[in-house]
Amino acid sequence: MFNTITDDSHVKSETIQDVAFKLVEKQLGQLQQQRESKGRSILLLGSGGVGKSTIINKFLDRDENPRPTLALQFSYGRRSRSSEYGQKQVLNIWEVGSLRNTEQLVEVTLKGQNLSTFAVIIMIDLSQPHCMFADIEKAYGHLRDILSKLSANSEKLITKKTTAMTVEKIPFPVVIVGGKYDLYMNFEPEIKKQVCRCLRSTAHLIGAALFFYSSTTQKFVKTLRDTIIYLGFGSTSRPFRLQTTDYNDALSIWFGTDSWEDINRGEVLENLQQINENFSSKVPQHPSLNDDSMSSANSEHAIVNPSKDPGFYESVIDEMRAQKDEELQQIVRDTKLRHKFETLSDHA
């Protein structure tokens, strides 16, 4: 019988420090997973009826007709990423239905956000050039005012000039999307020239990217989808394949690639008021024409009372609503009966 001798000289037993290091490494990986699982967030806001819901549905591969967004809509998407800890990336998507009296809704989406993982897409209706600037001013103004309110550190916002229309750099990516390009593309050349100059000036002033879009053109749909992936999942590839500044074509201008020399022959516009004055002198603005109530009234999908729309049916809520409606009707009937009795008593 032979004794087997094993040489364990090359085997190194783990020390307490080795075990502790592996444990800390695992915990750090789990913390990283938890942090990334919260994901990034994108807010879509802008002109009413410009197609924000359609963009979200296309991005999430939803085959459904979009319903009018009454206030604030939340969606999310996930993307798996192979890693040691099996991480999944999450993208939170917020949509504000219109720009009228919605500053509080925008504030809801910004509260508690990590601004390093937040981005905004501002959609402007190109088919309404005569009331376009009011939407630009409201969208930017909502972001500026809310950030000023929430920011405890004034250095997070870089003030360029203190005026009634102060311009402050937004501390997260902003993409201005000109929607309904298919309707806009046949406008008079001079109108298109002024619209492009206005939007390019605004984007350059606040540090935004700019892109013209139509849901009926596949290459635009793909570019915007790639842009959302870039903002929402941290893709390294730049979604704007070509730089386009010709006003006779669909604009496509990435962050920091434009200049006042190309936009306005070197003339620097220091605030939104100057941009508005230049634009309005060529394209008179009539903001009232784009009133949200008028847009809803003119829409073939307008809903007089959303609670009666079967698309918004929620059994528990609707049953409670029906009960409260019945209680209200009973109160109305009792009040009318009491009023009649008091009238008869007065005449007696």
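If you look the protein up in an unreviewed UniProt entry, it shows as Cytoplasmic dynein 2 light intermediate chain 1 from Glossina fuscipes. Per UniProt, the protein has the following entry under Sequence similarities (unreviewed entry): "Belongs to the dynein light intermediate chain family."

This paragraph deals with the overall build of the protein. Counting secondary structure elements, the protein contains 11 helices and 9 strands. Within the protein, the fraction of its 348 residues that count as buried is 36%. In the protein, 71% of the contacts between residues at least 6 apart in sequence involve partners at least 24 apart. Put simply, the protein shows about 21,400 Å² of open surface, and 51% of that area lies on carbon and sulfur atoms.

With that settled, consider the nonpolar core. Among the nonpolar cores identified, the biggest contains 70 residues, and Leu43, Leu45, Val120, Ile121, Leu199, Phe212 and Tyr213 are the most heavily contacted of them. If you tally residues by element for this core, the top one is helix α4 (residues 132-150), at 8 residues.

Any empty space left between the atoms is revealed when a probe the size of a water molecule rolls over them. In this structure the tally under the stated criterion is 3 cavities of 30 Å³ or more. Contributing to the lining of the largest cavity are Arg200, Ala203, His204, Ala208, Leu210, Ile253, Trp254, Gly256, Thr257 and Asp258. The biggest single contributor to the lining of the largest cavity is helix α6 (residues 189-206), with 3 residues. Tallied by class, the residues present in the lining of the largest cavity amount to 5 nonpolar, 3 polar and 2 charged. Reported here for the second largest cavity is a volume of approximately 40 Å³. Tallied by class, residues from the lining of the second largest cavity come to 6 nonpolar, 1 polar and no charged.

Turning to unusual backbone geometry, a few remarks are in order. Both trends apply: most residues other than glycine have a negative phi, and most peptide bonds are in trans. Residue aspartate 61 is not a glycine yet carries a positive backbone phi of 55°. Relative to the assigned elements, aspartate 61 resides in the loop between α2 (52-59) and β2 (72-80). For aspartate 61, a relative accessible area of 60% puts it in the exposed group. You will see that arginine 265, though not glycine, has its phi angle at about 55°, which is positive. Turning to its location among the elements, arginine 265 is positioned in the loop between α8 (260-264) and α9 (272-282). Under the relative-accessibility criterion, arginine 265 is labelled exposed at 77%.

A separate point is the pattern of salt bridges. Counted by the stated rule, this structure contains 7 salt bridges. For aspartate 145, the salt bridge goes to arginine 144, with nearest N and O atoms at 3.0 Å. Here aspartate 145 falls in the partly exposed class, since its relative accessible area comes to 33%. Notably, a salt bridge pairs lysine 222 with aspartate 226, separated by 2.9 Å at the nearest N-O pair. Here aspartate 226 and lysine 222 lie together in helix α7 (residues 218-233), a separation of 4 residues that amounts to about one turn. On the basis of relative accessible area, lysine 222 is assigned to the partly exposed category, the value being 43%. Exposure remark for aspartate 226: the relative accessible area of 18% places this residue in the buried category. Linked through salt bridges whose partners overlap, the residues forming this network are Lys222, Asp226 and Arg241.

Attention now goes to the packing of α4 against α9. Angle between the axes and distance between the axes are the two parameters that describe a pair of packed helices. As a packed pair, α4 and α9 sit with axes 11 Å apart at the nearest point and diverge in direction by 170°. By the angle between their axes, α4 is roughly antiparallel relative to α9. Across the interface between the two elements, Met132, Phe133 and Tyr140 of α4 pack against Leu272, Ile275, Asn276 and Phe279 of α9.

With that out of the way, let us pick up the packing of aromatic side chains. The description of an aromatic ring pair rests on the distance of the ring centres and on the angle between the ring planes. Applying the stated criterion across every chain, the model contains 13 aromatic pairs. An angle of 70° between the planes, with centres 4.9 Å apart, marks the rings of phenylalanine 240 and tryptophan 254 as edge-to-face. Here the residue phenylalanine 240 occupies a position in the loop between α7 and β9 (252-253), and tryptophan 254 occupies one in the loop between β9 and α8, the gap between them amounting to 14 residues. Taking the relative accessible area as the measure of exposure, phenylalanine 240 reaches 2% and is therefore buried. Judged by centre distance (4.9 Å) and plane angle (75°), the rings of tryptophan 254 and phenylalanine 255 are edge-to-face. Exposure remark for phenylalanine 255: the relative accessible area of 23% places this residue in the partly exposed category.

Scoring rules and cut-offs
- Residues numbered from 1 in each chain as written.
- Predicted model: local features only at pLDDT ≥ 70, side-chain atom pairs only at ≥ 80, totals over all residues.
- Heavy atoms only, no water.
- UniProt positions renumbered as here; feature names shortened; annotations may be inferred.
- Helix = DSSP H or I, 4+ residues; strand = E, 2+ residues; numbered from the N terminus.
- Buried < 20%, exposed > 50% of the residue type's maximum accessible area, 1.4 Å probe, protein only.
- Contact = heavy atoms within 4.5 Å.
- Areas by Shrake-Rupley, 256 points an atom, 1.4 Å probe, with all protein chains shown as cover.
- Core = buried A, V, L, I, M, F, W, Y, C linked by side-chain atoms within 4.5 Å.
- 1 Å grid on protein atoms, 1.4 Å probe; cavity = no way out; pocket = protein on both sides within 12 Å on 5 of 7 lines; lining within 4 Å.
- Points joined across faces, edges and corners; volume = space filled by probe spheres on them.
- Nonpolar A, V, L, I, M, F, W, Y, C, P; charged D, E, K, R; others polar.
- Salt bridge = Lys/Arg side-chain N within 4 Å of Asp/Glu carboxyl O.
- Axes fitted to C-alpha atoms, helices over the stretch in contact; angles between N-to-C directions.
- Parallel < 35°, antiparallel > 145°, perpendicular 65-115°, else oblique.
- Phe/Tyr/Trp six-rings, centres within 6.5 Å; stacked < 30°, edge-to-face > 60°.

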